[in-house]
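# Summary of structural features
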Amino acid sequence: MRVKTENEQDTRRLGASFADKLKPGDIVCLLGDLGTGKTTFSKAVAAGLGVKEEITSPTFNIVNIYKSGRIPLYHFDVYRLSGAKEFLDAGFDEYFDAGGVCLIEWADIIEDVIPDGSILVEIERGSSETERLYDISYI
C-alpha cells in the first residue's frame, strides 16, 4: 500500500491509523534516507498507541521502552550497530517476543534477523519539502 502525506499533520493521522491496527508481537521496520521522517512517523505511531512519554530517537541507547500505551512500545534505532550479529549479541532480539510492538529505525542494518511477517514501512521524500511517500508491506 502506498500513502502520500502532505505535511506533519497528515503524518500524525497516518501514524494513528497505523497504530490502531498494531497488536502485541508486531515488528515494524522503518527504512528511509536520513531526514525522511522515520522518527516523526515513530512519534505518530507512539501517540496512536497512547504512549504518554516524550518520544525521542534512541540513537545512543539503541532502544527506548515505553509502557504507558495500550501495548508496550520498543523503539529501536540501530543506525550505530555494525549488523545483525551485534544486535543478537546484545540480546535485542528478545524484544521480538516480549509482548509489545517493536518499531525499528534503519531496520535494513539487521535485516538478517527480522522475522518473516514483519511490517515494512519505506519512507521517501515527495515532490515538496514536507511531502512524504510511505510504502507499507509485509516482509
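Here's a quick rundown of the structure. Within every chain, residues take consecutive numbers counted from 1 along the sequence as written. Reporting of local features is limited, given that this is a predicted model, to residues whose pLDDT is at least 70; pairs of side-chain atoms are given and counted only at 80 or more, and all residues count toward the totals for whole chains, interfaces and linings. Heavy atoms from the whole structure form the basis of all side-chain values; hydrogens and water molecules are not counted.

## A few points about the overall build of the chain
Per the convention used, a helix needs a DSSP run of H or I reaching at least four residues, while a strand needs a run of E reaching at least two, with both numbered from the N terminus. Across its full length, the chain holds 3 helices and 7 strands. Reading the secondary structure of the chain in the N-to-C direction produces β-α-β-α-β-β-α-β-β-β. Over its C-alpha trace the chain gives a radius of gyration of 14 Å, about what one expects of a compact globule, namely 14 Å for 139 residues. Expressed along its principal axes, the backbone C-alpha trace of the chain runs to roughly 40 × 30 × 30 Å. A simple rule labels every residue: compare its accessible area, found with a 1.4 Å probe on the protein chains alone, to the largest value its type can have, and call it buried under 20%, exposed over 50%, or partly exposed in between. Buried positions account for 50% of the 139 residues belonging to the chain. Any pair of residues with heavy atoms lying within 4.5 Å of one another is described as a contacting pair. A separation of at least 24 residues holds for 60% of the contacts in the chain among residues at least 6 apart in sequence. The globule rule used for comparison is 2.2 Å times the number of residues to the exponent 0.38, while the radius of gyration itself is calculated over C-alpha atoms.

## Here's the deal with the layout of surface pockets
Its boundaries defined by the atoms lining it, the largest pocket holds a volume of some 320 Å³. Points on a 1 Å grid over protein atoms alone make up a cavity when a 1.4 Å probe fits among them but cannot get out, and a pocket when they form an open set with protein on both sides within 12 Å along at least five of seven lines; lining residues each have an atom within 4 Å of a point. In terms of lining residues, the largest pocket is bounded by 20 residues, among which Gly35, Thr36, Gly37, Lys38 and Thr40 are the most central. Among the elements of the structure, helix H1 (8–20), helix H2 (38–49) and strand S7 (132–138) are those that each provide at least two residues to the lining of the largest pocket. A per-element tally of the lining of the largest pocket places H2 first, with 3 residues. A breakdown of the residues in the lining of the largest pocket according to their chemical character gives 4 nonpolar, 10 polar and 6 charged. Grid points are joined across faces, edges and corners, and a volume is the space filled by probe spheres set on the points. Its boundaries defined by the atoms lining it, the second largest pocket holds a volume of some 230 Å³. Looking at the second largest pocket, it is lined by 13 residues, and the ones nearest its centre are Met1, Phe18, Lys21, Ile136 and Tyr138. Among the secondary structure elements, those contributing two or more residues to the lining of the second largest pocket are H1 and S7. In this classification, the charged set is Asp, Glu, Lys and Arg, the nonpolar set is Ala, Val, Leu, Ile, Met, Phe, Trp, Tyr, Cys and Pro, and all remaining amino acids, among them Gly, are polar.

## With respect to H2
Two residues of an α-helix separated by three or four positions point the same way, owing to the 3.6 residues in each turn. For H2, spanning 12 residues, the distance from its first C-alpha to its last is 16 Å, which sits close to the expected 16 Å at 1.5 Å a residue. All of the buried residues in H2 are Lys38, Phe41, Ser42, Ala44, Val45, Ala46 and Leu49. The elements touched by buried residues of H2 are H1, strand S2 (27–31), strand S4 (73–77), strand S5 (101–105), strand S6 (119–125) and S7. Immediately downstream of H2, the backbone of Gly50 shows phi near 90°, a positive value. Multiplying 1.5 Å by the helix residue count minus one yields the expected span of that helix.

## Some remarks on the packing of H1 against H2
Relative to each other, H1 and H2 sit at 50°, their axes nearing to 7 Å. The angle between H1 and H2 places the two elements in the oblique class. Relative to H2, H1 is oriented so that their crossing is right-handed. On H2, the residues touching Glu8, Thr11, Arg12, Leu14, Gly15, Ala16, Phe18, Ala19 and Asp20 of H1 are Thr40, Phe41, Ala44, Val45, Gly48 and Leu49. The convention used is that axes are lines fitted to C-alpha atoms, helices contributing only their stretch in contact, and that angles between N-to-C directions extend from 0 to 180 degrees. When an angle is under 35 degrees it counts as roughly parallel; over 145 it counts as roughly antiparallel; between 65 and 115 it counts as roughly perpendicular; any other value is oblique. A clockwise turn of the near helix away from the far one marks a right-handed crossing, whereas an anticlockwise turn of less than a right angle marks a left-handed crossing.

## Considering the nonpolar core
Here is a general trend for soluble globular proteins: nonpolar side chains tend to be buried in one another's company. Working definition of a nonpolar core: buried Ala, Val, Leu, Ile, Met, Phe, Trp, Tyr and Cys residues. They are joined through side-chain atoms within 4.5 Å. Counting residues in each nonpolar core, the largest one holds 23 residues, and the members touching the most others are Phe18, Val28, Phe41 and Val121. When residues of this core are traced back to their parent elements, those giving at least two are H1, S2, H2, S5, S6 and S7. Looking at this core element by element, the count peaks at 4 residues for H2. If we ignore the near neighbours within four places in the chain, the residues touching Phe41 are Thr11, Leu14, Gly15, Phe18, Leu30, Val121, Ile123 and Tyr134. Ranked by size, the runner-up nonpolar core spans 21 residues in total, among them Cys29, Leu31, Ala84 and Phe92.

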